[in-house]
Amino acid sequence: MANNTHLRRPKKSSGGARFTVVTFVVLIVVALCYLGYTYLAPMLGIGLTETGSETRQPVTLDGEMQLHVIDVGQGDSTLIMSKDGIVLVDAGPGSAEDSLVEYLKDVGITTIDYAIFTHPDEDHIGGADVVINNFEVKNVIMPNATKTTKTFEKMIEAIEQSNANVIEATSGASYTLGDIAFRILAPNKASYSATNNYSVVVKLTYGNNTFMLTGDAESESESEILAKYPASELRADFLKVGHHGSSTSTSTAFLTAVSPSIASISCGEDNKYNHPHRETIEKLQGANIKVYRTDLLSTIVFVCDGNTISVVEK
Ligand SMILES: [Zn+2]
């Protein structure tokens, strides 16, 4: 048996006097800490986190736009918020619909001015019906594309039962929402063999900053965009990389025209498609573009003041 007598508490040798002194010192230290925490920290600008009560974030600050690349697993959902309005681009797959609604409620959303459903694939519209049923969606923008799936039917049903105004995506059409402006750049043809190429591609402007949101548009659609619009109109600071970083999108010509400094990729951890593809990552890295991925970082929030874009990892 091990001898563990050395673990035993030694007997007190000096009685109550030492105990009183120790207690007094501890009380003083606790009091000083409390005073420092309460009065000194705010004076020094040290943030104190509220606990115990639910504090809802203000939507956004004046002069600020936020772009949230929401982690919906393998799928897409991008939220754009400013004090003047809310745009939601895609609603993720059905498997993430509850967490998407919770996220939107947590950041204080009640109304969505424009919901853009880029194309009828499940990983983009799986949560569309639930979003429409939980928030007041004023306008829905979508391409003239259908799909014979339950998911697509549920979205159409939800739209019909809502008061949303439905707008067919038209290349060249522009919209403004106070300090946010966006223009639709694709689709540019009436029909495609790949559903991905129906994707509504949007270039969004806030002050001097620009954002290219591509849905799952593949190189066929990218070529049409390049043929229709001058490169100066395609330049953007931020690129939501097409089709979850698949090698079927982000052609060199398109990437060169957009020439972003920041890019985001929305994809699920260890997804079965191996998104993002190595070729795409290499292209982005080769162009010195800072890449943010939801499979590695979960939800990513970009904050833009009209001149600079900074990132807040959640
Ligand atoms: Zn997709």
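The structure displayed is predicted, hence computed values, not measured ones. (Residues numbered from 1 in each chain as written. Predicted model: local features only at pLDDT ≥ 70, side-chain atom pairs only at ≥ 80, totals over all residues.)

Peer 1: Hey, could you run me through the overall build of the chain in this one?
Peer 2: Across its full length, the chain carries 10 helices and 15 strands. A burial count over the chain gives 41% of its 314 residues as buried. The contacts of the chain with a sequence gap of at least 6 include a subset with a gap of at least 24, amounting to 68%. (Helix = DSSP H or I, 4+ residues; strand = E, 2+ residues; numbered from the N terminus. Buried ≥ 20, exposed ≤ 12 C-beta atoms within 10 Å, placed from the backbone. Contact = placed C-beta atoms within 7 Å.)

Peer 1: It is not clear to me how unusual backbone geometry should be interpreted in this structure. Could you clarify?
Peer 2: For residues besides glycine, phi is generally negative; the peptide bonds are generally trans as well. Cis geometry is found at the peptide bond from alanine 186 to proline 187, where omega equals 10 degrees. Of note, the amide linkage connecting histidine 275 to proline 276 takes the cis form, showing an omega dihedral of -5 degrees. By secondary structure assignment, the location of proline 276 is in the loop between strand 12 (262–265) and helix 9 (278–286). Phi is positive for histidine 243, close to 50 degrees, though the residue is something other than glycine. Structurally, histidine 243 is set in the loop between strand 11 (238–240) and helix 8 (252–258).

Peer 1: It is not clear to me how the sheet that holds strand 10 (residues 209–213) should be interpreted in this structure. Could you clarify?
Peer 2: Note on sheets: strands pair through backbone hydrogen bonds, and any given pair is parallel or antiparallel. Spatially, the seven strands line up as an open sheet ordered 7-8-9-10-11-12-13, and their pairing is mixed. Across the chains shown, the open sheet's two edge strands, defined by having one partner strand only, are strand 7 (174–177) and strand 13 (290–293). The sheet shows a mean angle of 20 degrees between the axes of neighbouring strands, taken without regard to direction. Most of the contacts of helix 6 (residues 219–228) go to strand 8 (residues 180–186), to which it runs at about 110 degrees, and overall it touches strand 8 and strand 9 (201–206). (Pairing = 2+ DSSP bridges. Axes fitted to C-alpha atoms, helices over the stretch in contact; angles between N-to-C directions.)

Peer 1: Please explain the pairing of strand 13 as it appears in this structure.
Peer 2: Along any regular strand, the residues point their side chains to alternate faces of the sheet. Inspection of the sheet shows strand 12 paired to strand 13 by four bridges, in the parallel sense. Each residue of the ladder has a partner; that of isoleucine 265, found in strand 13, is arginine 293.

Peer 1: Explain helix 5 (residues 150–161) to me, please; I cannot follow it from the model alone.
Peer 2: Given 3.6 residues to a turn, an α-helix orients residues that are three or four positions apart in the same direction. A rise of 1.5 Å per residue sets the reference length of helix 5, with its 12 residues, at 16 Å; its end C-alpha atoms lie 16 Å apart and thus fit the reference within 8%. Of all the residues in helix 5, the buried ones are Thr151, Met155 and Ile159. The arc that holds the buried residues of helix 5, viewed along the axis, is 75 degrees, so those residues lie on one side. Away from its buried face by more than 90 degrees, helix 5 exposes Lys150, Glu160 and Gln161. Those residues of helix 5 that are buried are in contact with helix 3 (122–125), helix 4 (128–134), strand 5 (136–142) and strand 6 (165–168). (Expected span 1.5 Å × (residues − 1). Arc of directions from axis to C-beta.)

Peer 1: How should the nonpolar core be read in this particular structure?
Peer 2: In a soluble, globular protein the nonpolar side chains are often hidden away together inside. Counting residues in hydrophobic clusters, the biggest one holds 67 residues, and the most contacted among them are Leu88, Ala115, Ile116, Phe117, Val200 and Val202. Ranked by the residues each element gives to this core, the list is headed by strand 8, at five residues. When near neighbours in sequence (up to four residues on either side) are disregarded, phenylalanine 117 contacts Asp90, Ala91, His124, Ile125, Ala128, Val140, Met142 and Met155. (Core = buried A, V, L, I, M, F, W, Y, C linked by C-beta atoms within 7 Å.)

Peer 1: Explain the pairing of strand 3 (residues 85–89) here, please?
Peer 2: Within strand 3, five of the five residues are buried, which leaves the element mostly enclosed by the surrounding structure. Residues Gly85, Val87 and Val89 line one face of strand 3 and the alternating positions Ile86 and Leu88 line the opposite face, and both faces are buried. With five bridges connecting them, strand 2 (residues 78–82) and strand 3 associate as antiparallel partners. The residue bridging serine 82 from the neighbouring strand is glycine 85, located in strand 3. Here strand 2 hands over to strand 3 after two residues, the two strands then running antiparallel side by side. In this fold, strand 3 hands off to helix 2 (residues 97–106), which returns the chain to strand 4 (residues 111–116); that crossover is right-handed. (Right-handed = clockwise from strand over helix to strand, strands pointing away.)

Peer 1: What exactly am I supposed to notice about the environment of leucine 297 here?
Peer 2: Inspection of the secondary structure assignment puts leucine 297 in helix 10 (residues 294–297). On the basis of neighbour counts, which here come to 14 C-beta atoms within 10 Å, the residue leucine 297 falls in the partly exposed class. Between the C-alpha atom of leucine 297 and that of aspartate 71, which follows or precedes it by 226 residues, the distance is 8.6 Å.

Peer 1: Would you explain the environment of proline 276 in this entry?
Peer 2: Owing to 25 C-beta atoms within 10 Å, proline 276 belongs among the buried residues under this scheme. Sequence separation of proline 276 and aspartate 295 is 19 residues, and the distance between their C-alpha atoms is 9.4 Å. Not counting chain neighbours up to four residues away, the residues in contact with proline 276 comprise His244, Gly245, Ile265, Cys267, Ile281 and Arg293.

Peer 1: Would you take a moment to explain the confidence of the model for the chain for this structure?
Peer 2: Detailed reading of the predicted coordinates is not advisable wherever pLDDT falls low. On average, the chain scores 87 in pLDDT, and the residues at 70 or more come to 81%. Across residues 1–15, confidence stays below pLDDT 50; counting only partners more than four residues off in sequence or on other chains, it has zero contacts. This stretch, residues 35–58, has a pLDDT under 50; its non-local contacts, to residues over four places away or in other chains, come to seven contacts. (pLDDT = per-residue confidence, 0-100.)

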